[in-house]
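Overview (structure and organization)
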Amino acid sequence: MENSGDHQETVVPPVEGVAGGGTAYGWSDTGVNDPRPLRGAIDPMKVPSLELLNVWCMPNSANVGPQDMPRELEPISLLAARNERESIQIAIRPKVSWGGSGIAGTVQVQCTDLCSPCGARLVVGQSLTLRRVVPVLGVPDALVPLDMPVCQLNLFPGETTVIWVSIDVPSEQTPGQYEGEIIISASKTEAESTNQSLSKVEKHQLYRELRDCLDAVEPLEGKPLEEVVERVKSATSSLRRVLLSPSFSDFFSDNGPIDMMEEDAISSLSIRLKISLTVWDFVLPTTPSVPAVIGISDTVIEDRFGVEHGSNEWFELLDQHFKWLLQYRISPYFCRWGNGMRVLTYTSPWPVLLAFVQPLNIEQYNAIRSMASEIHAYAPDARILTTYYCGPSDAPLASNNFEAFLKVPEFLRPHTQIYCTSEWVIGNREDLAKDIIAEIQTENGEEWWTYVCLGPGDPHPNWHLGMRGTQHRAVMWRVWKEGGTGFLYWGANCYEKATVPSAEIKFRRGLPPGDGVLFYPGQVFSSSQQPVASLRLERLLSGLQDIEYLKLYASRFGRDEGLNLLEKTGMYLGPERYTSEHTPIDVMRGEVYRTCRS
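Residue numbers restart at each chain and count upward from 1, following the sequence in its written direction. At least 70 in pLDDT is required for a residue's local features to be given in this predicted model, at least 80 for side-chain atom pairs to be given and counted, and no such filter applies to totals for whole chains, interfaces and linings, which use all residues. Side-chain numbers here rest on the full set of heavy atoms in the structure, without hydrogens or water.

**Points about the overall build of the protein**
- Within the protein, the secondary structure is distributed over 15 helices and 26 strands.
- Considering the protein as a whole, with its 598 residues, one finds that 49% of them fall into the buried category.
- Whether two residues touch is decided by their heavy atoms; if any such pair falls within 4.5 Å, the residues are in contact. Within the protein, contacts between residues at least 6 apart in sequence are counted, and of these 73% link residues at least 24 apart.
- Here the open area of atoms and residues is found with the Shrake-Rupley method and a 1.4 Å probe, where only the protein chains shown may cover a residue. Working note: accessible area of the protein is about 28,200 Å², and carbon and sulfur atoms make up 52% of it. In this description a helix means any DSSP run of H or I spanning at least four residues, a strand means any run of E spanning at least two, and both kinds are numbered starting from the N terminus. When a residue's accessible area, from a 1.4 Å probe over protein chains only, is under 20% of the maximum for its type it is buried; when over 50% it is exposed; and in between it is partly exposed.

**Some remarks on the nonpolar core**
- For our purposes a nonpolar core is just a set of buried Ala, Val, Leu, Ile, Met, Phe, Trp, Tyr and Cys residues, chained together by side-chain atoms within 4.5 Å. Counting residues in hydrophobic clusters, the biggest one holds 59 residues, and the most contacted among them are Ile330, Trp463, Met476, Leu537, Leu540 and Val592.
- Broken down by element, this core gets its largest block of residues, 10 residues, from helix H13 (residues 535-557).
- In this view, Met476 contacts Ala292, Trp463, Phe487, Leu540, Gly543, Leu544 and Ile547; residues no more than four positions away in its chain are not counted.

**Examining the side chain of Ser276**
- Position of Ser276 relative to the elements: it lies in strand S14 (residues 271-283).
- Residue Ser276 is classed as buried on the basis of its relative accessible area of 13%.
- The contact partners of Ser276, leaving out residues within four places of it in the chain, are Ile76, Ser77, Leu78, Gln177, Tyr178 and Glu179.

**Examining unusual backbone geometry**
- Look at the link from Gly455 to Pro456: it is a cis peptide, with omega at 5°.
- Note on placement: Pro456 falls in the loop between strand S21 (447-452) and helix H12 (469-482).
- At Asn83, a position not held by glycine, the phi torsion is positive, near 65°.
- Mapped onto the fold, Asn83 is located in the loop between strand S2 (76-82) and strand S3 (85-94).
- Given a relative accessible area of 17%, Asn83 falls into the buried group.
- In this structure, Leu137 is a non-glycine residue whose phi angle is positive, near 55°.
- Following the sequence through the fold, Leu137 ends up in the loop between strand S7 (128-136) and strand S8 (139-145).

**Focus on the pairing of strand S20 (residues 418-422)**
- Judged by how many residues are buried, S20 sits mostly within the fold: 5 of 5 residues are covered.
- In S20, alternate side chains face the same way, and those of Ile418, Cys420 and Ser422 on one face and Tyr419 and Thr421 on the other are all buried.
- The criterion for strand pairing is that DSSP finds at least two bridges linking the strands in question. Both S20 and S21 contribute to a ladder of 5 bridges, which runs parallel. Each residue of the ladder has a partner; that of Tyr419, found in S21, is Trp448.

**Overview of the packing of aromatic side chains**
- Two aromatic rings, drawn from Phe, Tyr or Trp (for Trp, its six-membered ring), form a pair once their centres lie within 6.5 Å of each other, and the interplanar angle then sorts them: stacked below 30 degrees, edge-to-face above 60, tilted otherwise. Scanning the entire structure with this criterion turns up 18 aromatic pairs.
- Consider the rings of Tyr389 and Trp424, whose centres lie 6.2 Å apart with planes at 85°: the pair is edge-to-face. Taken together, the residues span a long stretch of sequence, with Tyr389 in the loop between strand S19 (385-388) and helix H8 (401-406) and Trp424 in helix H10 (residues 423-426) at a distance of 35 residues.
- A relative accessible area of 52% places Trp424 in the exposed class.
- One aromatic cluster is present, formed by Trp280, Phe282, Tyr549 and Tyr593 through successive ring pairs.
- Comment: the charge-over-ring label is applied if NZ (Lys) or CZ (Arg) is within 6 Å of the ring centre and within 35 degrees of the ring normal. The ring of Trp480 carries Arg559 above its face, with NZ or CZ at 4.6 Å from the centroid.
- For the cation-ring pair, Arg589 lies above Tyr549, with the distance from its terminal atom to the ring centre recorded as 4.6 Å.

**Quick word on the sheet that holds S8**
- What the 5 strands build is an open sheet, ordered S1-S3-S10-S7-S8; its pairing is antiparallel. Single-partner strands in this sheet number two, and they are strand S1 (53-59) and S8. Neighbour-to-neighbour, the strand axes of the sheet open up by a mean angle of 30°, direction not taken into account.
- Bridge count between S3 and strand S10 (residues 161-168): 8 bridges; the pairing is antiparallel. Bridge pairing links Ile88 to Val165 in S10. Helix axes are fitted only over the stretch in contact, all axes being lines through C-alpha atoms; the angle between N-to-C directions runs from 0 to 180 degrees.

**Overview of helix H15 (residues 583-596)**
- Across its 14 residues, H15 extends 20 Å between first and last C-alpha, which sits within 8% of the 20 Å expected from 1.5 Å per residue.
- Three or more residues of H15 are buried, namely Pro584, Ile585, Met588, Arg589, Glu591, Val592, Thr595 and Cys596. The buried residues of H15 occupy an angular sector of 155° when projected down its axis, which confines them to one face. Opposite the buried face of H15, by more than 90 degrees, sit the exposed residues Thr583 and Arg594.
- As for H15, its buried residues are in contact with S2, S3, S14, H12, H13 and helix H14 (559-568). Here a helix's expected span is defined as the number of its residues, less one, multiplied by 1.5 Å. The arc in question is traced by the directions running from the helix axis to the C-beta atoms.

**Observations concerning helix H6 (residues 312-326)**
- Between its first and last C-alpha, H6 extends 21 Å over 15 residues, near the 21 Å set by a 1.5 Å rise per residue.
- When H6 is considered as a whole, its buried residues turn out to be Trp314, Phe315, Leu317, Leu318, Asp319, His321, Phe322, Trp324 and Leu325.

**Comments concerning the pattern of salt bridges**
- A carboxyl oxygen of Asp or Glu within 4 Å of a side-chain nitrogen of Lys or Arg is what we treat as a salt bridge. On inspection of all chains with the given rule, the structure shows 21 salt bridges.
- With a shortest N-O distance of 3.1 Å, Arg121 and Asp113 are connected by a salt bridge.
- Among the residues examined, Asp113 registers a relative accessible area of 22% and is labelled partly exposed.
- Between Arg383 and Glu447 there is a salt bridge, and its shortest N-O distance comes to 3.1 Å. Taken together, the residues span a long stretch of sequence, with Arg383 in the loop between helix H7 (362-378) and S19 and Glu447 in strand S21 at a distance of 64 residues.
- Residues joined by salt bridges that share partners form a network here, namely Arg85, Arg131, Asp168 and Glu538.

**Let's talk about the environment of Ala382**
- One can find Ala382 in the loop between H7 and S19.
- Owing to a relative accessible area of 22%, Ala382 belongs among the partly exposed residues under this scheme.
- In the structure, Ala382 is positioned 10 residues away from Ala372 in sequence and 9.0 Å away in space, judged by C-alpha atoms.

**Some details on the packing of H12 against H14**
- Orientation of H12 relative to H14, taken along the N-to-C sense of each, is 145°, at an axis distance of 11 Å. Two packed elements cross with a definite hand, and for H12 against H14 that hand is left-handed. In this structure, H12 uses Trp480, Lys481 and Glu482 to contact H14, whose residues at the interface are Arg559, Gly562, Leu563, Leu566 and Glu567.
- Each residue gets one of three labels, nonpolar for Ala, Val, Leu, Ile, Met, Phe, Trp, Tyr, Cys and Pro, charged for Asp, Glu, Lys and Arg, and polar for the others, Gly among them. Counted by class, the contact of H12 with H14 contains 3 nonpolar, 1 polar and 4 charged residues. Helix crossings fall into two classes, left-handed where the near helix is turned counterclockwise from the far one by less than a right angle and right-handed where it is turned clockwise.

Rendered as structure tokens:
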């Protein structure tokens, strides 16, 4: 394609977040400009990719949008415990256009395994995965899976494309230093490669030949040696026939395989991004120290996927969602919302029922006491959780609203064991958390949990779309600092009603965008049946993992020193004073690694 020859960097204003909280993405003055842009027809197979692309890395707490400008490319260096997920973002922005049909061009992204000197590996497609960051309402949020170990992406003129790279370290992984690469290459567009593709007949022939090879060698166990030799000879013959077929003629000459210099030359044009990962000898617990309990609306699933309540398909879908969410170390519960803040909940896809109410008046408080008594009659050890943000409006328990709020445990005891209050009540007065905890009888097994929903708003930590990445991650920092022992969130899939899986996602009216939605149906973005995580869900997981680091540090040096670590690193001082940058997070994690690895 002919390049227009007038390529230049144009100043564009930043994209603003739709729910406040600032934007850690947008226009930046750290742009990296090529002083000599290419002109005329461009063959990406003959030009170094670095002349066609800007590639740079960003931390997982950054919101990197389509208008983000380039930064310097630096190697990736990460730290992770065993049984931890650590992530990084790779941004790609075209410098010029070499494609057609409205795209700037196509890039190929390839990953290698991460290997340690002792031979241990973190395998691509298992421990290392790639997802494309897709904007929702113009804000980067949905993480759509990409093919592994090689994928192709179309780039668009003047737009930044972002890849989310996650590394899941198994709990049994050998500690040590791991090295690998992500290789990014400008390539010809799919249309240009069409002529080289195989026909359906050729594909079927290759498939049949390869399947016959597999059939010949798979059932070898227990076979006589002579039969094994014959089967291997047959498979070898078939494989040789496949490799010598016209489909692979480009790779052979009269004297055998062609010189691989051409492939090496293409490889030398690529951008090779090195990844270094330190895995240290600390295993994060599978069950989080602070439980995060999050609702899934079964009625939303029924409507969107067209399944009948109680049918086999219904159970299968709920089971799929339940198990998928477990990777984020949260405890899903299924719920049906009714009138007057009344909710019917159950803890698994199978019928285990529990009443759940947000009480506002004496009638509702008495209803909780009654239902709790019924539950305890059948299951004396059952733990009842009650959410509330005020005392009963028609029967003041004290002279002012906050004092009445503090007296709720006294009014609900012994019917409730977990008292779950809104962070909105506390506001920026962290000292109020101590007053709440003082009313909880921990010696009798009572607990204090918190929750967020449409409030609190900016600048407090929450999971609204458009908030900063550290604002999302700080939800769990706040829980740990205030002394909560658990966390509740009202819903992860509570978007507007739709009747087909691929229907556009619409957030509920009257709520901040993103409130009640932490993942999306996979069918909205591709043919995949798996849910698609949001950036906010990934940051929820990161926050839970941060708690494990802080808990380890506090177990060695005391909780006060753990709180001091939060403050001296500048990571989190309070609900209105926490870092907007990623560096303090790395400093905190690095200090725990340095002091607790022995």
